[in-house]
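Understanding the architecture of this molecule
The residues making up each chain are set out below.
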Amino acid sequence: MKTELRQFLGSIDVNEPTVAGSLQIFGLYWGGGADLLYLTLDEALDADVLKITETDESGNVPTLKVNNTSAQMIFLMAGEQLIGAKQNRVLNASIMVAAQSELVIPVSCVESGRWSYQSRSFHSKGTSSHSFLRRKISRHVHDSYRSGTMAFSKQGEVWDEVSRKLHRMNTVSGSQALDQVYEDHDKRMKEAVSNLRAPELCCGVVFAFGGRIAGMDLFDKPATLSKLLPKVAKAYIIDALEEPNETVQVQRPAVENWLRSVTAARFEPFDSTGLGRDIRIEADNMIGAALMLDNGPVHVELFPQGHAGSESDLAHQAKKPSKRPARQQVSPEQDSAGDKPERRSEDLFEAQAARKIILLPASDETLNIANDVASVLQNADTQSIITLSVSRKLMNIPELSAEPGQAGILSRQNESRLVSLAQKRVPTQGLRMLITSDGLEDFWFVHWHGNQKTAVTSLYQWNEISNLPTQALLGSTVVLQGLRLMTSRYEPKRLFHDDMRGCLFDFCRNKAEIDFKLRTGDICPQCRGILTQIGIQVEPVLQMLDAVRRIALGT
């Protein structure tokens, strides 16, 4: 299958470009498609044979449910935007839905400020995620496949890009919805695509603006390109509007050379969520994917990277100052007068001690897990906010175990005795984290004992709940508890939310939902704002969460 795809892509011919505003569009000819019979997303929605809903009443941010009631397959293109339900989403990968079937598909949220029903099902406005975001998600999906999961994105980075786009386009959206950008620039979009026609017999197009190649979409037949060209063109036009009015043009030989280099790219096949195979494509100068069905490509997307124009290069005019504060080598808590430029050595020692977490494993098993987490987080360069150490002083205390030699339930009385013993044996200005394989009476993962500055952390039956390493759960808990060291104004209850956002503060009443936030390793914009308000530097926290995410994904 990889050989056939390489041959198909090597046979592409490039037409001279047409122009839509500041966008150049190069038509592509090839003989690679299988000429399958299927409906597009908008066709299926218009014919009322496709229903897209939340997976259940409560919803789940990274997945949606699709129901195809027709006798034909339905093609869903990577990047297509879905409007409605509890929040707007975009498709992470191209998917072919079988006739008369139901399927759960991977998506990304592009409306971080809403989690309430606007409608019971989704509809289309004929738009997709803009090209910068499409490329970012394509890279995320490749990483996700390699870690053995579905075609998931890094939700936090998606929200960052949506926020950047809103800011760059001077768009105000109370729910931080990407769709508002298209609403605000609808007139300009219509003008740019009003006379846009797919070149005759072309199956695909390469887009360029600002003197650089921006991306490619290639389909199995001209009819599909004709139907989807306005939608994919808007994704590039909306990004071209960020560029200054440059007259530099891309010449056809440059496009031909870039496309020709795909034959030397790496092709990695994965099982698609729907029918066929999802082939991930990567080279020094490009990244992308191809949906293959019946030994022929249905859709191929390619984006430049590296020498062909890195993301930072393509978006050089689009960048606003990072909303993450610059890292500062100072104590996270500052009084109203601020920190002085120089501090006495004993003051620095006391400040360090107050930022310390001592991990107290209760057994050899939890000792190994604690050592792993401490090593990973310290290597993530987190010393600016916390330091970690592991102590054996509470290991293997038989009178506090539910049943010696096996994990059981730790009674409230024994838990209190354990906390008192920890306070006595392990004095600290920071905080203690007791780590046990026993369950807590209410089956929570953590109990906080504020008077003793001690958290009791249970890893009970984690391997029955999740396939992720136990170290990922403990690492996330360390980050949550570490925030207590940064300011006395930190109140976890103020930040926790019931809706799933892939955020550190997802409450996860259903324990199995913890997987998502561990894989995401991020903090949602709302919680970032609260942390900033109470004086917590978000950037070092994100560094720790990224280390936890790597543990979860095994990277």
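In case you missed it, the structure is sitting above this.
About the thresholds
- Residues numbered from 1 in each chain as written.
- Predicted model: local features only at pLDDT ≥ 70, side-chain atom pairs only at ≥ 80, totals over all residues.
- Heavy atoms only, no water.
- Pairing = 2+ DSSP bridges.
- Helix = DSSP H or I, 4+ residues; strand = E, 2+ residues; numbered from the N terminus.
- Axes fitted to C-alpha atoms, helices over the stretch in contact; angles between N-to-C directions.
- Core = buried A, V, L, I, M, F, W, Y, C linked by side-chain atoms within 4.5 Å.
- Buried < 20%, exposed > 50% of the residue type's maximum accessible area, 1.4 Å probe, protein only.
- Contact = heavy atoms within 4.5 Å.
- 1 Å grid on protein atoms, 1.4 Å probe; cavity = no way out; pocket = protein on both sides within 12 Å on 5 of 7 lines; lining within 4 Å.
- Points joined across faces, edges and corners; volume = space filled by probe spheres on them.
- Nonpolar A, V, L, I, M, F, W, Y, C, P; charged D, E, K, R; others polar.
- Salt bridge = Lys/Arg side-chain N within 4 Å of Asp/Glu carboxyl O.
- Phe/Tyr/Trp six-rings, centres within 6.5 Å; stacked < 30°, edge-to-face > 60°.
- Lys NZ or Arg CZ within 6 Å of the ring centre and 35° of its normal.

What follows concerns the sheet that holds strand S3 (residues 38-40). Taken in spatial order, the three strands make up an open sheet running S3-S6-S9, and their pairing is mixed. The sheet is open, and its two borders are formed by S3 and strand S9 (95-97), each paired with just one other strand. Strand-to-strand twist of the sheet, defined as the mean angle between neighbouring strand axes without regard to direction, takes the value 30°. Relative to S9, strand S6 (residues 73-76) is paired through three bridges, and the arrangement is antiparallel. If you follow Ile74 over to S9, its bridge partner there is Val97.

Further remarks concern the nonpolar core. Ile357, Val478, Phe505 and Ile523 are the most contacted members of the largest nonpolar core, which has 56 residues in total. If you tally residues by element for this core, the top one is helix H18 (residues 538-553), at nine residues. Ignoring sequence-local partners within four residues, the contact set of Ile523 consists of Cys503, Leu504, Phe505, Arg528, Leu531, Val541, Leu542 and Leu545. Counting 51 residues, the second-largest nonpolar core is a separate cluster that includes Ile25, Val162, Ile237 and Phe270.

The computed volume of the largest pocket comes to approximately 700 Å³. Taken together, 24 residues line the largest pocket, and the ones lying closest to its centre are Trp444, Phe445, Val446, Phe496 and Phe507. Those elements that place two or more of their residues in the lining of the largest pocket are strand S23 (446-449), helix H14 (470-482), helix H15 (492-495) and helix H16 (514-520). Broken down by element, the lining of the largest pocket gets its largest block of residues, five residues, from H14. Here the lining of the largest pocket is built from residues that sort into 13 nonpolar, four polar and seven charged.

Next up on the list: unusual backbone geometry. In this model, Phe443 sits at a positive phi of 65°, which is unusual for a non-glycine residue. At Lys453, a position not held by glycine, the phi torsion is positive, near 50°. By secondary structure assignment, the location of Lys453 is in the loop between S23 and strand S24 (454-458).

Time to look at the pattern of salt bridges. Taken as a whole and judged by the stated rule, the model has 28 salt bridges. Salt-bridge contacts for Glu161 lead to Arg164; the nearest nitrogen and oxygen are separated by 2.7 Å. Placement of the pair is Glu161 and Arg164 together in helix H4 (residues 155-168), with a separation of three residues, close to one helical turn. The class for Glu161 is buried, based on a relative accessible area of 6%. The buried category is assigned to Arg164, whose relative accessible area is 6%. Of the charged contacts, one joins Asp546 and Arg549 as a salt bridge, the two residues approaching to 2.7 Å between their closest N and O atoms. Within this pair, Asp546 and its partner Arg549 are both found in helix H18, separated by three residues, close to a single helical turn.

A few words now on the environment of Val478. In this structure, Val478 sits in helix H14. Along the sequence, Val478 and Met544 sit 66 residues apart, while their C-alpha atoms lie 9.3 Å from each other. Those residues in contact with Val478, other than ones at most four positions away along the chain, are Ile357, Leu359, Val373, Leu377, Ile386, Leu388 and Met433.

One pass over the full model with this rule turns up ten aromatic pairs. By the ring-pair criterion, three or more aromatic residues cluster together here, those being Trp444, Phe496, Phe505 and Phe507. Here the guanidinium or amino end of Arg120 rests over the ring plane of Tyr117, the centre of that ring lying 3.7 Å away. Arg484 extends its terminal NZ or CZ atom over the ring of Trp448, reaching a point 4.0 Å from the ring centre.

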